[in-house]
Each structure stands twice: as C-alpha cells, then as structure tokens.
Amino acid sequence: MKKQAISSTRRQVLRAGGATLGVGALAQFSVLDAFAQKATVTRNPLRIPPVVSPVISNDFPAGLSLTCAPATVDLGGSRLSNVLAYNGTFPGPTILAKSGDRATIALHNGLNEHTITHWHGMHVDSANDGGPLISIIPGQTYNYSFPIIQRACLNWYHPHPHHLTGKQVNLGLAGAFILRDDEEDALNLPSGRYEVPLIIRDASVDKNGNLIYNPTASGFTGKFPLVNGTRDPKLTVDKGDYRLRVLNGSNARVFRIALSNGAPFTVIGNDGGLLEAPATVSQIELGMGERLDLLVNFSGLTAGASVMLRCLDARWDLLQFVGTGVTGVAYSLPNRPLSTIERLVGPTVPTRTFSFDGMSRINGQTYDMNRFDFQVNHGVTERWRFTTGGNAPHPVHVHGASFQVVSRTGGRGVVFPWERAWKDTVLLNDQEVVDVLIRFDAYRGDYVIHCHQLEHEDHGMMSNFRVV
Ligand code: C2O
Ligand code: CU
Ligand code: CU
C-alpha cells in the first residue's frame, strides 16, 4: 500500500506502448522549467494518504472507523506540527468504494468541541449527509451507513459543524473519497502509483511550526501551499502517463493551476465524474471544494529533469515532478466518448435565484438551523440562478444532488471545459450570473446550499431546504 498511490481492489490492465492520444506530451523540461532558480528549496516527498475501505467484507469486517482528534504530523523537513487529523493522518485516509457498495463508517469525536463529517459530493440521505443540522459532542460517535448510488468520481470528506467548519478543515480535517464503477474501470486509466490524489490548500504556521487558523474578516489566507499535507513537495515520475485527482481543499483560495513549461492537462473528469469528451487546457481555475481528474504525460521527462505544478495567481510552486528516466505506462484514451451524460432538460418550474451577498448572506438572510428557506419537488428539474453583489469568489455548493452548469454571463462569461457534465460546486465570481440545472432524484429530505468559502459559510452564507 505504501508504494501504491491509489490501489484498486481490481488489477487493471495497462496498455504498454501505443500512441498517447489527446494527452499532450511534455518535452524539454529542463530547458523550459522557469523555476530552475528555486532549485535551492529542499523538496520533501509528496505524502500519499493510506487507502481504506468503508465496506464490510472479509478484509474489512468492521467497515471504517474514523476518529478526528489532535495529532502531530511531519509537514516535511522532519519537524512535527500540531494539527487536527482523521485517524492521525493529514490529509485523512483516502476512502475507496465502488458504486453498489454500502459504506459503513463510525465517526468518533476526539476533539474538544462538536463536529460532524460531511461526504462532499456523495448522494446520501439526510441522516448520512453529515450536514450542519447534525453534530456530535466530544467523545460521541456517529454511525453512518449508506449505499453508493452514484457514478465514479472523486468526492471528499470534511467537518461541517456550523461556525466551526473553517477552523476544523483548516487545521487538517479533510480527506479524499474515491468512487469507482464499471464504466470507469473499462477505460483502464492509469492506476496504482500512476493515479495520484492531490489535495491542494494553503496554510499558515506559528513559530513552532504548528498549523494556525487566523482568518481575517474576508477569509483565511495561508502563507504557503500544502499538497497532501506536504510542504515543498516533490513526486518522482516515470516516463509515461499519470492520472492526477485534484481537489482544492482551501478555505478561501482559488488556485489557477498550470505546468511550468506550459504543457497541457487533459481534463477527463471533475466533481461528478467523467466528462463526455476529454478537454485539453493549459491552465485551470479551481475553486474551493471543486475537483479535477487530469491526465498528464511525462514521457518527455528525462532522469533528474523536473517540471513544476504551479498556481499562476499566487505565483506559488505547488508540486515538483522529478523524472526517474524509467519507462512508465503509455495510456491512450479510447476513440469514443468517455461517458454518456444525460442532459437535464426543462425546466417547467420557475427559476430559483440565489444571491450570494456580502460575506454572510444568501438572498438577504444569514443561516438559521431552524429555518427552511424553500422546498424542492423530488424528481423535478429546476433551474437555479446564482448571482452576487460582490465579495467573491463564492464557490456555490449544493448537498443532495449534482447539477449541470448551463451558463455563465458577466465576469468570465463562459462555461469552462472542466465545468461540463456533473458538478456539485461551481465558482461564482464578481459580476457573474451562473445558471445550473438540478434534479433531486435520490432522496427526499433536508439539505443545504452554501458558499464553500468556509468563512462565508461559517458566517451564515448557507440555507436549509427540503426535498419533498
Ligand atoms: Cu464540502 Cu457542505 O460542504
Ligand atoms: Cu457537500
Ligand atoms: Cu462566499
């Protein structure tokens, strides 16, 4: 398990040789790496969280037990830092399950304040959603049990107690929750150590190197990036294709990711799983809570040469890829759609508008656990319109269903290639109006819509609704 980035229960057959269709080849790294002058930074091996299963089986008779509690971890450089962690690891273990499985998870609260864990992106009933209407006190346990009823994708998990989400996530409580299904398995995408989860966020530390949560009125802005809880990380890569599963796990920072040599990413999926067709882009703006499924080709990276994953907005080096010179796997995308996406049509009901205003309000109101702001009919497609009076970015996130982004007017003015297919979080910037189509066809029950800028959320930019 140590050597494997994300080991699948099923061995996947990788095609050796062959052309790399649609995956841009990176060439001449050492020459083009604009960040060669930073070679003096000591780089730490990228941490890969352990992979665990939430499924009761012969191998895992108890399902998954998750404890959130204070822990000390090495952020890189062998100095221990105080953080909050799930099962002592930062980020938390990568939970891996398959469509059709039943996840059984016991959450133990080892913190000195209340908490609850939400499975961001998961289609579950209210009792298993881990939203702010439920929370447990220190020492208590919450038992989740839910079937996986959705397609393969990268979801994630994090605390969601009202007023404390920003702090608990920032101090270390977050992890990846990867779902597989037969459709995705049939693509034989790069797997094992060629599939790498990348949880990217910012952070700040005190003089002793402990993580500190010191938000300003407009949100938490960390002093440096962490990828999988590692400072100045590096990952050694073979000459071949890699599948990067990227999550922006920041409280309040949008990342604009790019490779230092300008080579493209092939986007094959996002929050809700595979796109219909891959898209080749050289930079991607990723809001808090959003995910990406990327293929990157390192076949041009010779032994010892490197290329940097960067954030163009912060001008940060996020992750250095260093070539091993060893031949890896060459992956070819099939010459057919990756997936078939049902297009939501309609709607026949009036558009619902949500205005994300100031730093704490939706449609003029701050969150009240006891107030339900609207009801949605189960199985009916609706058009939801997100607008803002300023103070963006507001990554709008909905619990209980995925949606399809149909338009963005004003501001950036387009729906980006990585926003196609199914999403559960969409970035709303100043001046923008974003329309999505959404249909709740899983469960009836209580859910929330909120801004995923976690300080906005904690200050009340969240609303309860009921699917009836
Ligand atoms: Cu990732 Cu309601 O949250
Ligand atoms: Cu969520
Ligand atoms: Cu916001």
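Residues numbered from 1 in each chain as written. Chains lettered and ligands numbered in written order. Predicted model: local features only at pLDDT ≥ 70, side-chain atom pairs only at ≥ 80, totals over all residues. Heavy atoms only, no water.

**Q** An account of the overall build of the chain is needed here, citing residue identities and associated values.
**A** Check the secondary structure of the chain and you find five helices and 31 strands. Computed over C-alpha atoms, the radius of gyration of the chain comes to 21 Å, within 12% of the 23 Å expected from 2.2 N^0.38 for 468 residues, which places it in the range of a compact globule. For the chain, the spread of C-alpha atoms along the three principal axes comes to 60 × 50 × 50 Å. Per-residue burial over the chain gives 60% buried out of 468 residues. Partitioning the contacts of the chain with sequence separation of at least 6, the portion at a separation of at least 24 is 77%. As displayed, the chain offers around 17100 Å² of accessible surface, 51% of which is attributable to carbon and sulfur atoms. With 42 positive and 40 negative side-chain charges, the chain shows a spacing of 5 Å between the two charge centroids. (Helix = DSSP H or I, 4+ residues; strand = E, 2+ residues; numbered from the N terminus. Rg over C-alpha atoms; globule rule 2.2 N^0.38 Å. Buried < 20%, exposed > 50% of the residue type's maximum accessible area, 1.4 Å probe, protein only. Contact = heavy atoms within 4.5 Å. Areas by Shrake-Rupley, 256 points an atom, 1.4 Å probe, with all protein chains shown as cover. Lys, Arg positive; Asp, Glu negative; His and termini not counted. Charge placed at Lys NZ, Arg CZ, Asp CG, Glu CD.)

**Q** Would you mind going over the packing of aromatic side chains in detail, with residue names and values included?
**A** In the structure shown here, the tally under the stated rule is 23 aromatic pairs. Ring geometry for Tyr242 versus Phe298: centroids 5.5 Å apart, planes at 75 degrees, classification edge-to-face. You can see Tyr242 sitting in strand S14 (residues 241–248) and its partner Phe298 sitting in the loop between strand S19 (291–297) and strand S20 (306–311), a full 56 residues away along the chain. The pair formed by Tyr242 and Phe298 is uniform in burial state, with each residue classed as buried. With a centroid separation of 6.3 Å and an interplanar angle of 40 degrees, the aromatic rings of Tyr447 and Phe465 are classed as tilted. Of the two residues, Tyr447 is situated in strand S30 (residues 445–451) and Phe465 in strand S31 (residues 462–467); the sequence distance between them amounts to 18 residues. (Phe/Tyr/Trp six-rings, centres within 6.5 Å; stacked < 30°, edge-to-face > 60°.)

**Q** Residue-level account of the coordination of the copper ion (ligand 3), with values.
**A** On the protein side, the copper ion (ligand 3) has His394 (ND1), Cys451 (SG) and His456 (ND1) as donor atoms, found 2.0 to 2.2 Å from it. In primary-sequence terms, the residues that donate to the copper ion (ligand 3) follow H-x56-C-x4-H. Taken together, the residues His394 in strand S26 (residues 394–398) and Cys451 in strand S30 connect sequence positions 57 residues apart. With respect to burial, His394 and Cys451 carry one shared label: buried. (Donors = N, O, S within 2.8 Å, 3.2 Å for Na, K, Ca; no water.)

**Q** Would you mind going over the pattern of salt bridges in detail, with residue names and values included?
**A** For the coordinates displayed, the defined rule picks out 31 salt bridges. In this structure, Arg412 and Glu432 form a salt bridge, with 2.7 Å as the shortest nitrogen-oxygen distance. Within this pair, whereas Arg412 is found in the loop between strand S27 (403–409) and strand S28 (425–428), its partner Glu432 is found in the loop between S28 and strand S29 (433–438), the two being separated by 20 residues in sequence. Exposure remark for Arg412: the relative accessible area of 22% places this residue in the partly exposed category. Given the relative accessible area of 1%, Glu432 is considered buried. Beyond isolated ion pairs, a larger network of salt bridges with shared partners links Arg256, Glu285, Asp313, Arg408, Arg412, Glu419 and Glu432. (Salt bridge = Lys/Arg side-chain N within 4 Å of Asp/Glu carboxyl O.)

**Q** For the sheet that holds strand S4 (residues 80–86), give the residues involved together with the corresponding values.
**A** To summarise the sheet geometry, strands pair through backbone hydrogen bonds and adopt either a parallel or an antiparallel arrangement. Reading across from one edge, S4-S3-S6-S8 is the order of the four strands in this open sheet, with mixed pairing throughout. Each end of this open sheet is capped by a strand with a single partner; those strands are S4 and strand S8 (141–147). Averaged over neighbouring strand pairs, the angle between their axes works out to 25 degrees when direction is ignored. For strand S6 (residues 102–109) and S8, the ladder comprises seven bridges, and the chain directions are antiparallel. Bridging from a neighbouring strand, Ala103 pairs with Phe146 of S8. (Pairing = 2+ DSSP bridges. Axes fitted to C-alpha atoms, helices over the stretch in contact; angles between N-to-C directions.)

**Q** Any chance you could break down the confidence of the model for the chain for me, citing the residues and the numbers?
**A** Atom-level detail of predicted coordinates should not be read off regions where pLDDT is low. Summing up the model confidence of the chain, the mean pLDDT is 92 and the portion of residues at 70 or higher is 91%. pLDDT under 50 marks residues 8–37. Its contacts with residues more than four places away, or in other chains, come to 67 contacts. (pLDDT = per-residue confidence, 0-100.)

**Q** Talk me through the coordination of the copper ion (ligand 2); I want residue IDs and the actual numbers.
**A** Distances from the copper ion (ligand 2) to its protein donors, namely His118 (NE2) and His397 (NE2), fall within the range 1.8 to 1.9 Å. One end of the pair, His118, is in strand S7 (residues 117–120); the other, His397, is in strand S26, and 279 residues separate them in sequence. We classify His118 as buried; its relative accessible area is 1%. Take His397: its relative accessible area is 0%, and that puts it in the buried class.

**Q** I'd like a rundown of the sheet that holds strand S16 (residues 265–270), residues and numbers included.
**A** Reading across from one edge, S12-S11-S14-S19-S16-S17 is the order of the six strands in this open sheet, with mixed pairing throughout. Across the chains shown, the open sheet's two edge strands, defined by having one partner strand only, are strand S12 (224–227) and strand S17 (273–281). Averaged over all adjacent pairs, the angle separating strand axes in this sheet is 25 degrees, with direction ignored.

**Q** Give a description of the nonpolar core that names residues and reports values.
**A** Of all hydrophobic cores here, the largest spans 43 residues; its most connected members are Leu198, Leu309 and Phe321. Sort the elements by how many residues they give to this core and strand S21 (residues 316–327) lands first, with four residues. Ala71, Leu111, Trp119 and Phe224 belong to the second-largest nonpolar core, a separate cluster that totals 39 residues. (Core = buried A, V, L, I, M, F, W, Y, C linked by side-chain atoms within 4.5 Å.)

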